[in-house]
Amino acid sequence: MTKFSTQGWGHFSRNLPQVVVARKDVLQQLEEVPEPHRSVWEKRLKSKLDHPHFSVRLEIFLHHFFNERGWQISIEPDLPGTRNSPDFLVSKGEHRMMVEAKTVLGAESERQQDSRLMQLADHLGGKLNRTVLIHPIIDLPSSLPNRRIVAKVEDRASEVELLQEFYIEGEHQGRPYLLEVTVILEDKTSPTSDVGITIGQAVDVKIGHPVREAIQQKAKKDYGEVDAPFVIAIWPKLPWHFSFGDNDDLVALCGDKEWQEQNYSEWREVVKPSGVFNIKRKDGTYRYSHVSAVLFCHPDNIEPLRVYHNPFARCSIRVDVFKGISQCSIDLATGKAQWLLQ
């Protein structure tokens, strides 16, 4: 039996059958997490907001996944030469990987953010000449002065890295608060075709691009000179009326689809080089070749993980590292997805 009480936990307090099952699994997996991270993650689970709740659900799932398979796990480790920390650094034998986790939610969940935080983020963004994203992990006290948060963010924000993530926590008038802050320096060399609209492919665009943008955001994180494969784990927890399958995964990773006319009335379907894996710089190199693979995670499904290997990765991952998991590689000659179960 778990020692955690879920009374008043928002997402986890209902007694619907599916909630009961998810609650039991997640809380058992949370017990595997060492302190002090377990207490912090428990606070995020208690949030009534979608972002902190579902993002820590993904991190708990990934911790359990690697722990169950005998990996040594370091949570948010300090790395030489950078102020950023990956969510996980995992190792087993000769294998070592950095893993970043990102949950992609729908627009309604994003609108849950407090308007005060939005205004504060806009103010900071203009002041720092950066994009600033602020997510409350524990509700922000209404009497907490904005200047206190501004000062803490300005103090932590780096001047050189493309992306930096950190937590701002404290106590005000006896009430604790905890904020997750992401500071993004816009990459001016990114081509405008990274995000576009393809006529006639509205569904693919609407589904594929939020995931693509989420992967790109994590891919901009600077880890200095660490020589290890870099894996991004995505939970595309989109609204129920969106389907999300293999094709949509490939739209995010390999590019948007469009029809091109060939020889008058003949048309063929082509894939634009606008996916995370095949976006190029002006010099012809691949922009995100440091991303070794992307894991699409669906913790509530029978098959919770699918691994997509980046064919242009500088540091690739052997398929036996994810033994027993469905894995996809892209045939560079044909552009077709090849699935295997190692």
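A few points on the structure.

Rules used throughout
Residues numbered from 1 in each chain as written. Predicted model: local features only at pLDDT ≥ 70, side-chain atom pairs only at ≥ 80, totals over all residues. Heavy atoms only, no water. Buried < 20%, exposed > 50% of the residue type's maximum accessible area, 1.4 Å probe, protein only. Helix = DSSP H or I, 4+ residues; strand = E, 2+ residues; numbered from the N terminus. Arc of directions from axis to C-beta. Axes fitted to C-alpha atoms, helices over the stretch in contact; angles between N-to-C directions. Parallel < 35°, antiparallel > 145°, perpendicular 65-115°, else oblique. Left-handed = near helix turned anticlockwise from the far one by under 90°. Contact = heavy atoms within 4.5 Å. Nonpolar A, V, L, I, M, F, W, Y, C, P; charged D, E, K, R; others polar. Expected span 1.5 Å × (residues − 1). Phe/Tyr/Trp six-rings, centres within 6.5 Å; stacked < 30°, edge-to-face > 60°. Polar contact = N/O pair within 3.5 Å; in protein donor to acceptor, adjacent residues only side chain to side chain. Disulfide = S-S within 2.5 Å.

## Some points on helix α6 (residues 146-156)
- Taken as a whole, α6 has its buried residues at I149, V150 and V153. The buried residues of α6 all sit within an arc of 100° when viewed along its axis, so they share a single face. α6 presents R147 and D155 as exposed residues on the side facing more than 90 degrees away from its buried surface.

## A closer look at the packing of helix α2 (residues 37-46) against helix α3 (residues 50-68)
- One can describe the packing of α2 onto α3 by two numbers: an axis separation of 7 Å at closest approach and a directional angle of 135°. The angle between α2 and α3 places the two elements in the oblique class. Like other packed secondary-structure pairs, α2 and α3 cross with a definite hand, here left-handed. For the pair α2 and α3, the contacting residues are W41, R44 and L45 in the first and P52, H53, S55, V56, R57, E59, I60 and H63 in the second.
- Tallied by class, residues from the contact of α2 with α3 come to 5 nonpolar, 3 polar and 3 charged.

## Here we look at helix α1 (residues 17-30)
- Spanning 14 residues, α1 covers 20 Å between terminal C-alpha atoms, matching the ideal 20 Å at 1.5 Å per step.
- Those residues of α1 that fall on the buried side of the exposure criterion are V19, A22, R23, V26, L27, Q29 and L30. Down the axis of α1, the smallest arc covering the buried residues is 155°, so these residues share one side. Of the residues in α1, the exposed ones pointing more than 90 degrees away from the buried face are P17, V21 and K24.

## Describing the packing of aromatic side chains
- Tallying each qualifying case throughout the model produces 8 aromatic pairs.
- Here the aromatic rings of F296 and Y308 are separated by 5.3 Å at their centres, their planes lie at 80°, and the arrangement is edge-to-face. One end of the pair, F296, is in strand β10 (residues 293-297); the other, Y308, is in strand β11 (residues 305-309), with 12 residues separating them in the sequence.
- By relative accessible area, which is 1% here, Y308 ends up buried.
- Linked through ring pairs, F65, F66 and W71 together constitute an aromatic cluster.

## Points about the side chain of D249
- Here D249 lies in helix α8 (residues 246-254).
- We classify D249 as buried; its relative accessible area is 0%.
- A distance of 2.7 Å separates a polar atom in the side chain of D249 from a polar atom in the side chain of Y308.

## A short note on the environment of G224
- Take G224: it is sitting in the loop between α7 (202-219) and β7 (230-237).
- Taking the relative accessible area as the measure of exposure, G224 reaches 34% and is therefore partly exposed.
- Spatially, the C-alpha atom of G224 lies 5.4 Å from that of G81, the residues being 143 residues apart in sequence.
- With sequence-adjacent residues up to four places away left out, G224 is seen in contact with G81 and T82.

## Examining the state of the cysteines
- Summed over all chains, the structure comprises 0 disulfides.
- A disulfide-free cysteine, C328 has its sulfur positioned 7.3 Å from the sulfur of C254, the nearest such atom.

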